[in-house]
Amino acid sequence: MTSDDDTGTIRSTPSTPSTSRRRIGITRSNKSHTSFFFRTDESNFEIAYCKICERANQNPYPYSRKGGNTSNLIAHLRDKHGIIKENYTEYLDVNNEPKVVQTSNRPSTCSPERQELLSQMLMKFIIHFVLPLYVLQNESFREFVYTCEPGFKIPCEKTAKGLIHEAYNWCHNQLQSLLLNSVTAIHLTTDLWTSKSRHSFLGVTATWLSSDFKFREVLLSCNHIEYPHTGEVISEELFQIIHRWRLDNTVFTIATDNAANMLKGIELLHDNYFNVIRRQPCAAHTLQLSVQEGLKQCREIHCRIKNLQNFFRLPKQAQRLREAQNEMNQDIQHSVVSPLDVLTDTKTRWNSTYLAWKRVLELHNAMRFVSATLLSKPDRTSQKEGEKLEKLCLSVEEKEFLQEMMKLLEPIERVTRRLCGAEYPTLSLVYPYMELLKKKFAPKDNESVQTYINLIYGESYEDDDDSVTDDDIPTAGARQHWQYAHRQFCQKMKNTHVQGQNIRNQVRSSNTELDNLDPNRVEYLPSISTNGLLQKVRAAIYLSMDELWAVPTDIALVATFLDPRFKHFHWSTEENRNEAQRLVLILYEELKQSLNAPGIEEPLIMDKSYEEDDFFLELEGGLQTNPEDSEVACYTSL
């Protein structure tokens, strides 16, 4: 609460105290520094005028102080005169009145055009670095701005919000105009994810090829989605986003993960709104599903490695690991190398298990060094920690298995990174890369698909259903045979409820143990026998890839067929190649009719000046066993 003396100056009076404070006579001792620089209007006590502006013969602005609010008064003193709560005493005389010369020492030389330009640049700086708006009130930041441009008036938060909103609308209109007038085909990528605060968001990104043959990518929307996240809700939200951006006639494909609600959402979007839209499964996401199937076969050693990682996530042990690396590097290399920390693998991060296990191999000698150092110390506490670490470290057999796993997963890691590229087309790479990976993981020598099935499902599985004929298993061979075996295994698990429930409980318990390990609790697990484990991992990855990549999408076939790098690619089946050729001919005829172009009588001469895919050649060359069957020669020559 405030009151006015005879001079009209705003003075602070005790605010309404509580009953206990009123009894003992306690009054509020603090008061706003604005009370020294403002006076109230004689006819309206809720209006205040700046004394400094009055003395400078300026027309003072009537500020409202309704309800005792002083925020606008504080902002005026800060922005106009450079007076804040920390320095206001410097602007008062001995009578606590504003000094005679109280005008700001910043010259008002900033023209309206430059003021607008600097404000836009300031908002661009805040948006680009995702800075909070309270940076505008930071005294050091303001001093820096005033030093660079003394006449610039830093906008307040309210003005800044308005400028940001204007910038968003301008960018929205420019982008919408670009998409409408300059882009003929757009690809969308969408994903539904949940934040740490348990709020779900649907993000939609648009990608297209510009006239200068460069890929452009923008985020169209990231909207909050209420539960439940059904296919109907996703379909309706995607329709609203596409319609709002006026992309009804330019969107043809949408990339999603393999979630059931996403599949249903795109299906409904195709059936109810846009019949030209096709779904393209995310290749990297689908590939990682196969990796997860392989990791399930080595769950025990995964838990062992997880415990070793958690031991060195503790601050004390992490510091010991860094010191061990520094000491080892100085002894061996005579140079200082930045020490490394253990990495943690997560389900939702592609290649994280590969990178985390690779880091364990890099640091395993340093971990052994820490163990030996702790065991050599005289105190029993350090010795116990050394004994615990000694048990957690990998055995020679486990370390060799981990090294072989790195060799096995390295091509998948490289393919995943290739497929995640944003500056080059990746659709034409999907089918060739998947075929070569399947060749790498396919049965070798005396192995067969039946061998893989027995490794994963057990040798007790037999085709004992007399009602099944050869017609029920297509003659195409391995892929269909495994798919049939997989269905039969699942059916047996349903029929044998007790056995199936026990297996599911074991898997669920193992998953819980692996996913919910407490980083502050490290338990010793006995050493794992790795005999035949690598073959089971390879079998599980192959069977999963053969199921998930059984039938390539039409658009992927066309893209591969048209890519000059794969002009002589050895297709897995002649049917796929013929289908790709048929689809290309259909597209060619449709395009020729729409353009009224004459038929091509003479064959086209292909330009040979394309860049070869070195990684494809490397991966393909490593799979050749017979020089006569080598495809590299025909691949590099047209």
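These numbers come from a predicted model, not from an experiment.

Reading the values: the criteria
- Residues numbered from 1 in each chain as written.
- Predicted model: local features only at pLDDT ≥ 70, side-chain atom pairs only at ≥ 80, totals over all residues.
- Heavy atoms only, no water.
- Helix = DSSP H or I, 4+ residues; strand = E, 2+ residues; numbered from the N terminus.
- Contact = heavy atoms within 4.5 Å.
- pLDDT = per-residue confidence, 0-100.
- Pairing = 2+ DSSP bridges.
- Core = buried A, V, L, I, M, F, W, Y, C linked by side-chain atoms within 4.5 Å.
- Buried < 20%, exposed > 50% of the residue type's maximum accessible area, 1.4 Å probe, protein only.
- Patch = residues over 30% accessible without salt bridge, like charges linked within 9 Å, V, L, I, M, F, W, Y side chains within 5 Å.
- Areas by Shrake-Rupley, 256 points an atom, 1.4 Å probe, with all protein chains shown as cover.
- Salt bridge = Lys/Arg side-chain N within 4 Å of Asp/Glu carboxyl O.
- Phe/Tyr/Trp six-rings, centres within 6.5 Å; stacked < 30°, edge-to-face > 60°.

1. Overview of the overall build of the protein
Piece 1. Of the regular secondary structure elements, the protein holds 23 helices and 10 strands.
Piece 2. When contacts within the protein are restricted to residue pairs at least 6 apart in sequence, long-range pairs at least 24 apart make up 65% of them.

2. Concerning the environment of F441
Piece 1. Within the secondary structure, F441 sits in helix 15 (residues 427–441).
Piece 2. Separated by 94 residues in sequence, F441 and Q535 have C-alpha atoms that sit 9.5 Å apart.
Piece 3. Apart from the residues within four sequence positions on either side, F441 is in contact with L408, I412, Y452, R538, I541 and Y542.

3. Details of the confidence of the model for the protein
Piece 1. Looking at the protein as a whole, the pLDDT averages 77, with 75% of positions reaching at least 70.
Piece 2. Confidence, read as mean pLDDT per element, is least for helix 23 (residues 632–636) in the protein (32) and greatest for helix 12 (residues 352–375) (92).
Piece 3. When the criterion is pLDDT under 50, residues 511–520 qualifies, and its contacts beyond four places in sequence or with other chains add up to 16 contacts.

4. Digging into the sheet that holds strand 3 (residues 38–40)
Piece 1. Taken in spatial order, the 3 strands of this open sheet run 3-4-5, and their pairing is antiparallel. Both outer strands of the open sheet, strand 3 and strand 5 (63–64), are each paired with one neighbouring strand and no more.
Piece 2. Sheet topology note: the strand 4 (residues 47–50)/strand 5 ladder contains 2 bridges and is antiparallel. Each residue of the ladder has a partner; that of A48, found in strand 5, is Y63.

5. Some points on the nonpolar core
Piece 1. Among the nonpolar cores identified, the biggest contains 65 residues, and C298, F312, W357, M405 and M434 are the most heavily contacted of them.
Piece 2. A total of 10 residues in this core trace back to one element, the largest contributor, which is helix 12.
Piece 3. With sequence-adjacent residues up to four places away left out, M405 is seen in contact with L295, C298, W357, L534 and V537.
Piece 4. V204, I241, I266 and F274 belong to the second-largest nonpolar core, a separate cluster that totals 25 residues.

6. A word on a nonpolar patch on the surface
Piece 1. A surface patch of nonpolar side chains, about 320 Å² in accessible area, is lined by L209, F213 and F215.
Piece 2. Looking at the element boundaries, L209 is found in strand 7 (residues 200–209).

7. Remarks on the packing of aromatic side chains
Piece 1. Inspection of the entire model under this criterion finds 9 aromatic pairs.
Piece 2. Ring geometry for F239 versus Y273: centroids 4.0 Å apart, planes at 15°, classification stacked. Of this pair, F239 sits in helix 7 (residues 231–244) while Y273 sits in the loop between helix 8 (260–272) and strand 10 (278–281); the two residues are 34 residues apart in sequence, bridging distant segments of the chain.
Piece 3. Looking at F239, the relative accessible area reads 17%, which means it is buried.
Piece 4. A residue is classified by how much of its surface remains accessible, and Y273, at 33% relative accessible area, is partly exposed.
Piece 5. Judged by centre distance (5.7 Å) and plane angle (65°), the rings of Y452 and Y542 are edge-to-face.

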